[in-house]
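# Geometric and topological summary
What follows is the residue order along each chain.
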Amino acid sequence: MQPNTRCNVLRLSPGDNVGVVIRAVSPGELLIFDGGTATAIDSIPYGHKVAICPIKCGEKVLKYAAPIGSAVRDISVGEHVHVHNIKSDYLPTYLREGEARYHERA
């Protein structure tokens, strides 16, 4: 596959529903990525994710063909994808190895 030199969004894997902007974009700006185009809804900082497919609430957010979290609300194509509209599916670990504590469910 020949890369598109006009792209301003990098789709890391064909199955991803987000891409990474390769420079900051403004609302209304045309987003060009392998597989299509969209219009930016939000300002999106350099290196941040943008939805390149509609993502329904509860659906997995896919980057590098791997789930990185779940949408906490519907996300439109061209929308900035970040902590305001996705949540991690991974438990935070604040303790050092060997200090983990587990809580039993009542």
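For the structure itself, look to the data block above.
A few points on the structure. (Residues numbered from 1 in each chain as written. Predicted model: local features only at pLDDT ≥ 70, side-chain atom pairs only at ≥ 80, totals over all residues. Heavy atoms only, no water.)

## Examining the sheet that holds strand 8 (residues 80–81)
Taken together, 4 strands build an open sheet; the order of strands is 1-2-5-8 and the sheet is antiparallel. Every other strand in the sheet has two partners, leaving strand 1 (9–10) and strand 8 as the edge strands with one partner each. (Pairing = 2+ DSSP bridges. Helix = DSSP H or I, 4+ residues; strand = E, 2+ residues; numbered from the N terminus.)

## Considerations on the pattern of salt bridges
In this structure the tally under the stated criterion is 4 salt bridges. Close ionic contact of K60 with D89 constitutes a salt bridge, the shortest N to O distance being 2.8 Å. Pair noted here: K60 is in strand 6 (residues 60–63) and D89 is in the segment after strand 9 (86–87), with a separation of 29 residues, a long-range link. With relative accessibility at 41%, the residue K60 sits in the partly exposed group. (Salt bridge = Lys/Arg side-chain N within 4 Å of Asp/Glu carboxyl O. Buried < 20%, exposed > 50% of the residue type's maximum accessible area, 1.4 Å probe, protein only.)

## Here's the deal with the sheet that holds strand 6
The strand order 6-7-9 describes an open sheet built from 3 strands, whose pairing is antiparallel. Looking along the sheet, the strands with just one partner apiece sit at the ends: strand 6 and strand 9. With 2 bridges joining them, strand 7 (residues 66–71) and strand 9 adopt antiparallel strand pairing. Looking across to strand 9, one finds that S70 is bridged to K87.

## Topic: the pairing of strand 7
Note: strand 6 against strand 7, 4 bridges, orientation antiparallel. Within strand 7, the position partnered with V61 by the bridge is G69. Here strand 6 hands over to strand 7 after 2 residues, with Y64 in that stretch at a positive phi of 60°.

## Observations regarding the nonpolar core
Ranked by size, the top nonpolar core spans 10 residues in total: V9, V21, V25, L31, F33, A38, A40, I44, V50 and I52. Apart from residues no more than four positions distant in its own chain, A40 is found in contact with V25, S26, P27, G28, E29, L31 and G78. Counting 8 residues, the second-largest nonpolar core is a separate cluster that includes A51, V61, V81 and I86. (Core = buried A, V, L, I, M, F, W, Y, C linked by side-chain atoms within 4.5 Å. Contact = heavy atoms within 4.5 Å.)

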